[in-house]
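Letter by letter, the chains look like this.
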Amino acid sequence: MKREQKAGLVLMSPPVLLLIAGFLLPLAFVAYTSLMPPRTFGFTSNITLENYVTAVRESYWRPMAWSVFFALATTILTMLISWPIAKALVRKSRRFATIVATMIAVPVFIAETVRLFGAHLFLMPRGGILAGTINYFFGIDIGSVLFTPLATLIGLLYIYLPFALFPTVLGLSQVPADQVEAAQDLGASPWQQLRYVEVPIASPGIIIGSLLVFVLVLGATSESHMLGGQSAVPIGFAIEQRFNYAQDWPLGSALATVLCLITALLVFPLLSRLDLDRLFGR
Amino acid sequence: MQRSQRWWTVWTVCVLVLLYIPLVSVILASLANTRYLRFPHRIWTIEPYREALGLSQTYDLQMTSLKIALCVAVVSVLIAIPGALAFARYDWRGRKFYQRFLLLPVFFPQSVLGLAALVSLSAMGFDLSWRTAVFTHAVWIVPIVTLIVSIQVYGLDRAQEEAAFDLGASRLQTFFRVTFPQILPGLSSGALFAFLLSWSNLPLSAYTTGVDTTLPEWLYSRMSTNFAPMVPAVAVLSILASIVFVLVWQAGRVVVNGVMERRKQLE
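Residues numbered from 1 in each chain as written. Chains lettered and ligands numbered in written order. Predicted model: local features only at pLDDT ≥ 70, side-chain atom pairs only at ≥ 80, totals over all residues. Heavy atoms only, no water.

(A) How the structure looks around the overall build of chain B. Along the backbone of chain B there are eleven helices and zero strands. Seen in sequence order, chain B has helices and strands lined up from the N terminus as α-α-α-α-α-α-α-α-α-α-α. C-alpha atoms of chain B, sized along the principal axes, occupy 75 × 60 × 45 Å. Within chain B, the proportion of its 267 residues that are buried is 54%. Restricting to contacts in chain B with at least 6 residues of sequence separation, those with at least 24 account for 73%. (Helix = DSSP H or I, 4+ residues; strand = E, 2+ residues; numbered from the N terminus. Buried < 20%, exposed > 50% of the residue type's maximum accessible area, 1.4 Å probe, protein only. Contact = heavy atoms within 4.5 Å.)

(B) Summary view of unusual backbone geometry. Going from Phe39 of chain B to Pro40 of chain B, the amide bond is cis rather than trans, its omega being -5 degrees. Relative to the helices and strands, Pro40 of chain B is located in the loop between α1 (2-29) and α2 (47-54). Even without being glycine, Arg39 of chain A reaches a positive phi, approximately 55 degrees. You can see Arg39 of chain A is positioned in the loop between α1 (2-33) and α2 (50-57). Here Gln247 of chain A, not a glycine, exhibits a phi torsion of approximately 55 degrees, which is positive. Tracing the chain through its elements places Gln247 of chain A in the loop between α11 (235-244) and α12 (249-273).

(C) Main features of the side chain of Thr146 of chain B. Here Thr146 of chain B is to be found in helix α6 (residues 130-154). Residues within four places of Thr146 of chain B in sequence aside, it is in contact with Ala80, Gly83, Ala84, Tyr98 and Leu102 of chain B.

(D) Focus on the layout of surface pockets. The computed volume of the largest pocket comes to approximately 2100 Å³. Around the largest pocket, the lining comprises 47 residues; the ones closest to its centre are Ala105, Phe109 and Phe166 of chain A together with Ile148 and Phe193 of chain B. Of all elements in the fold, only α4 (94-105), α7 (149-172), α9 (190-219) and α13 (276-281) of chain A together with α6, α8 (171-199) and α11 (230-266) of chain B reach the threshold of two or more residues within the lining of the largest pocket. The greatest single-element share of the lining of the largest pocket, amounting to seven residues, is contributed by α6 of chain B. A class-by-class count of the residues in the lining of the largest pocket yields 36 nonpolar, nine polar and two charged. One number sums up the size of the second largest pocket: a volume of about 510 Å³. As for the second largest pocket, its lining consists of 20 residues, of which His120, Met124 and Phe147 of chain A together with Met223 and Phe227 of chain B are closest to the centre. Within the lining of the second largest pocket, the residues separate by chemical class into eleven nonpolar, six polar and three charged. (1 Å grid on protein atoms, 1.4 Å probe; cavity = no way out; pocket = protein on both sides within 12 Å on 5 of 7 lines; lining within 4 Å. Points joined across faces, edges and corners; volume = space filled by probe spheres on them. Nonpolar A, V, L, I, M, F, W, Y, C, P; charged D, E, K, R; others polar.)

(E) Expanded view of the packing of α11 of chain A against α12 of chain A. Residue and element names in this part refer to chain A. In contact at an axis separation of 7 Å, α11 and α12 are set at 155 degrees when each is read in the N-to-C sense. Looking at the two axes, α11 sits roughly antiparallel to α12. Handedness of the crossing formed by α11 with α12: left-handed. Together, Ile235, Ile239, Arg242 and Phe243 of α11 and Trp249, Leu251, Gly252, Ser253, Leu255, Ala256 and Leu259 of α12 make up the contact between the two elements. Each residue belonging to the contact of α11 with α12 can be placed in one class, and the counts come to eight nonpolar, two polar and one charged. (Axes fitted to C-alpha atoms, helices over the stretch in contact; angles between N-to-C directions. Parallel < 35°, antiparallel > 145°, perpendicular 65-115°, else oblique. Left-handed = near helix turned anticlockwise from the far one by under 90°.)

(F) Structural context of the interface of chain B and chain A. Listed by partner, the interface residues are 87 residues for chain B and 89 residues for chain A. The interface formed by chain B and chain A holds three salt bridges in total. Between Arg95 of chain B and Asp277 of chain A there is a salt bridge whose closest N-O contact spans 2.6 Å. Where chain B meets chain A, there are 15 residue pairs in polar contact (both at pLDDT 80 or more). The set of elements that each furnish at least two residues to the side of chain B that touches chain A consists of α1, α3 (56-89), α4 (95-103), α5 (110-123), α6, α8, α10 (215-225) and α11 of chain B. Top element by residues in the side of chain B that touches chain A is α1 of chain B. It accounts for 17 residues. In the side of chain B that touches chain A, the residues fall into 66 nonpolar, 13 polar and eight charged. (Salt bridge = Lys/Arg side-chain N within 4 Å of Asp/Glu carboxyl O. Polar contact = N/O pair within 3.5 Å; in protein donor to acceptor, adjacent residues only side chain to side chain.)

Keep in mind these values describe shape, not function.
Printed below as a string of structure tokens:
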């Protein structure tokens with residue numbers, strides 16, 4: 001027992017040190033920068049909450065609200081889209097599952113920029129792949145959803161679907177098939193079967209999937225940059241602009257700190273509920 | 001039951017088709033010679049590929065991305081081996097806390113992770129380059145690789161380790177002769193994941209590469225400001241590069257497996 005304790009402490013130190021240096025420490029720096037006077041660099045002892053006041057006054061709650069809206073909508077929609085796919089992957093033959101899972105996983109490893117660029121080219125008005133093809137065959141000019149919030153949402157669904165799907169599959173695979181059959185034999189309607197058997201048992205996977213999608217979308221910028229244009233600016237993009245163009249690191253840091261707090265509020269309670277050994281160990 | 005199964009399959013296939021439309025669009029758009037995209041092209045040509053391949057910048061971008069991704073893969077695996085043993089093998093006080101702490105960077109907005117690295121690195125006086133990008137990528141990728149290796153470690157046969165100990169093997173001998181071969185498949189997929197995730201990453205690179213530019217960064221800026229069919233051509237080439245890498249990796253895996261089998265037979 002004592003030997004295992006020592007082994008655990010020694011072995012955990014490389015990743016833990018990395019995370020302290022590359023995660024906790026940087027976040028502390030960001031939090032401290034957010035308390036510095038506006039448009040300054042470096043660290044002084046003049047601590048001020050001015051940046052947070054500016055953030056509220058200059059209506060930065062608007063991009064924050066867009067991000068929360070996109071995160072919520074993407075989480076719900078990717079979950080609805082992936083549920084039937086997850087069922088098919090778990091219940092159908094192994095070969096079918098392997099092929100489909102691979103085909104969905106492969107694009108994850110292709111740069112997000114490339115895929116969103118493709119979506120952009122497809123949706124472009126007039127000469128775009130979709131509009132151009134339709135115009136060529138039918139001679140009609142369809143409009144384009146490009147540069148609307150809807151285009152951003154489409155991009156988000158496209159990019160984050162696998163992050164919702166795979167944890168859901170992991171969760172659903174822990175629902176015993178005979179338990180579902182038993183529920184059916186006892187006369188459960190499809191809805192009851194979903195509500196009382198499948199969702200409760202699959203919930204760890206569902207929680208991980210929705211949490212992952214929600215948090216990642218909260219910080220996502222490229223979907224709106226490449227598809228939605230200026231129609232709906234998310235908070236990640238606003239922060240990026242404070243850092244790159246405005247060179248106002250303290251204000252950018254204040255916005256980032258708020259985003260961190262929202263994330264922490266969601267992640268801590270949900271993550272502490274999960275039994276990771278059971279989920280991954282089996 | 002049967003009917004609903006068929007319905008799931010139809011749905012799955014539809015979603016798959018939609019998922020591949022953007023990739024097909026990139027390829028289609030790269031086969032023209034016009035300044036603006038006017039689909040369907042009047043002239044179909046592979047000229048943009050010749051142009052992209054003739055550009056020395058293409059190689060520089062691929063090399064920067066490659067350098068970062070390879071370093072990240074090596075670093076991640078080296079840190080993930082002890083990390084995964086602590087995660088899944090040993091029973092120690094604080095393990096549950098450690099498991100959750102390790103997952104935090106994964107459940108975190110990546111753009112904030114990148115800018116936090118930027119703030120702290122520049123506060124400590126580091127010059128930003130591809131090296132700082134390796135560090136930042138690792139913060140996000142090490143937890144993922146650790147998780148992948150952990151799944152393998154959960155399935156470890158502990159009796160074998162104990163037998164090795166009882167037969168007088170040292171701790172290091174036990175690790176290299178017993179534990180390591182058993183978790184090798186996990187390490188291999190972990191390294192591949194690390195490479196591909198780093199290769200395709202934008203939000204972390206955008207804040208931390210400094211003077212160096214990775215492929216996704218270049219594509220991001222060129223796509224929005226300065227379109228030419230050469231840009232999708234470079235994108236397609238980058239996809240091909242990662243496919244080649246995966247194939248080489250799989251081939252290497254087959255060779256290593258063969259060698260290990262041989263050694264087992266000889267012993």
